[in-house]
Amino acid sequence: MNKHIVIVGGGYVGMYTALRLQRKLGKELRNRSVRITVIDPNSYMTYQPFLPEAAAGNLSPRHVVAPLRRVLPKATILNGMVTKVDHANKKVTFVPGEGEPREIPYDLLVMAAGSISRTLPIPGLTDIGIGFKTVGEAIALRNRVLHQLDVAESTDDVEVRRRALTFVVVGAGFAGVEALAELEDMAKDSTRYYRNIKPSDVRWVLVEATNRVLPEVGPEMGKWTLEQLRERGIEVKLDTRLESATGGHVVLSDGTEFDAETLVWTAGVKPSPVVTEGDLPLDERGRIKTTTQLTVAGTKDAFAAGDLAGVPDVTNPGQYCAPNAQHAVRQAKVLGDNIVRTLHGQQLVEYRHKYVGSVAGLGLHQGVANVYGVKLRGLAAWFMHRTYHLSRVPTLNRKVRVVADWTLALFFKRETVSLGEMEHPRDEFRAAVASNRR
Ligand SMILES: Cc1cc2nc3c(=O)[nH]c(=O)nc-3n(C[C@H](O)[C@H](O)[C@H](O)COP(=O)(O)OP(=O)(O)OC[C@H]3O[C@@H](n4cnc5c(N)ncnc54)[C@H](O)[C@@H]3O)c2cc1C
């Protein structure tokens, strides 16, 4: 046997599948009868549930990612994008960060490229909107919120100040509510260092097209979350859509209009565009059509799982597994085992997991949870949120660093400086060159 396993995407599914294969195929990897290649534009896996805490400055950005080359020493990691899958000829087109695209042949394929933000053709959205899926977006948002406080403190113009201090989040699922709650908490905390900004001067607006927030924790806890957000002074607009945001002028479907410098878009996800570039079958929602055994329907030697896959939920006939980490991690384990079974000519097993509910952080010492029917709120839920994610974040190294960050935060006030200039590191040097020319 001389088999090459190519894994497209090094996120939850990709990294955990490779980790499982690394453990189960030790002998084959040593004698080189099996090779594993993981392809991802980044050299790390992002632990997305910690992005809101990274945005709020409770965790260092480096501690919410797991370095793929360290976690997967027996796999080859290639950084770049897969842009096409030709499963009929068993090859993918790989576009590296630098250099010419090339084709990579494989024997077994794992599609694990996750999802991207699902946007709508709303005027102005691309000009001022920012998503909340990557560590880059989370940190840019942190810098932006703090920078807007600096702008507001430093201007005499009432309109500029009002616009700077208005923050809009569209989409009240996990990502939106957690991002908003953590950033609002951080901004409120930071206002104590500004002489002319009171917490009540900062306006947060959460826009949601349906009539509920945080459906992941169920109706009762969702209602509690809504009340909690409103008590904090956050304007939550249900059954409302963003109509336009041209030049930062926000228009909502309920007739409200105002200016905002910051708009976060977290209104859902859709499968990575790579799924449409090739010959893998798609379901009616544009995800890779997947069987209960996590193989790509109607094919041999191709597997898929996670946000890009339409995996039938065998615990809930007629439904599909929701795109979340709870499924992604467990699917990766079964997927890895099924690859090993394929290599050994054994019968594949089904993926079966009943969704157990969720925990969400809503800022320091605040949270909401509904897990195995146990409903918690406030401090207890926040503690559960932290302990659960600490147990889940990959590698002992990350766990220790996360605990260290949280422990330091107990004794010292959080960092509240905007390092936005890190996004334009050459500006200072360019200005120096220009000045020397004069
Ligand atoms: C802010 C936030 C908070 C969340 N909180 C929770 C939570 O508390 N609980 C929960 O269960 N879920 C949560 N989720 C959802 C969860 O993170 C996702 O469902 C999970 O990451 C899906 O895993 P995946 O492997 O399918 O995709 P990902 O983990 O996103 O991995 C996909 C990988 O593929 C790479 N990739 C993309 N395109 C290509 C390409 N063309 N070629 C090569 N590589 C590519 C990407 O760079 C990425 O590394 C949260 C999500 C967000 C954004």
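For the structure, see preceding data.
Within each chain, residue numbers correspond to sequence positions counted from 1 in written order. With pLDDT at 70 or above as the cut-off, local features in this predicted model cover only qualifying residues; side-chain atom pairs require 80 or more to be listed or tallied, and sums for whole chains, interfaces and linings still use all residues. Just so you know, side-chain values use all the structure's heavy atoms and leave hydrogens and water out.

**Describing the packing of helix H11 (residues 379-392) against helix H12 (residues 396-411)**
1) Next: Axes, fitted as lines to C-alpha atoms, cover a helix only where it is in contact. Angles between the N-to-C directions of the axes lie from 0 to 180 degrees. Secondary structure follows DSSP: runs of H or I at least 4 residues long count as helices, runs of E at least 2 residues long count as strands, and numbering of each begins at the N terminus. The interhelical angle for the contact between H11 and H12, taken along N-to-C directions, is 150°, at an axis separation of 9 Å. The angle between H11 and H12 places the two elements in the roughly antiparallel class. Between H11 and H12 lies a crossing whose hand is right-handed. Between H11, through Arg386, Leu390, Ser391 and Arg392, and H12, the contact on the second element is made entirely by Lys399, Val402, Val403 and Trp406.
2) Next: For the contact of H11 with H12, the residue count by class is four nonpolar, one polar and three charged. Note that the term roughly parallel is reserved for angles under 35 degrees, roughly antiparallel for angles over 145, roughly perpendicular for angles of 65 to 115, and oblique for everything else. The hand of a helix crossing depends on one turn: near helix anticlockwise from the far one by less than a right angle means left-handed, and clockwise means right-handed. Working rule for contacts: check all heavy atoms of both residues, and any pair within 4.5 Å makes them a contact. Classification used: nonpolar for Ala, Val, Leu, Ile, Met, Phe, Trp, Tyr, Cys and Pro, charged for Asp, Glu, Lys and Arg, polar for all others including Gly.

**Some words on the sheet that holds strand S24 (residues 374-377)**
1) Next: Should DSSP find at least two bridges between two strands, the strands are regarded as paired. Read across the sheet, three strands follow the order S22-S23-S24 without closing on themselves; strand pairing throughout is antiparallel. Either end of the sheet is taken by a strand with one partner, and the two such strands are strand S22 (357-361) and S24. Averaged over all adjacent pairs, the angle separating strand axes in this sheet is 5°, with direction ignored.
2) Next: Across four bridges, the pairing between strand S23 (residues 367-371) and S24 is antiparallel. Among the inter-strand pairings, Ala369 is bridged to a residue of S24, identified as Leu376.
3) Next: Against the sheet, helix H9 (residues 218-231) touches S23 and S24, its axis set at about 175° to S23.

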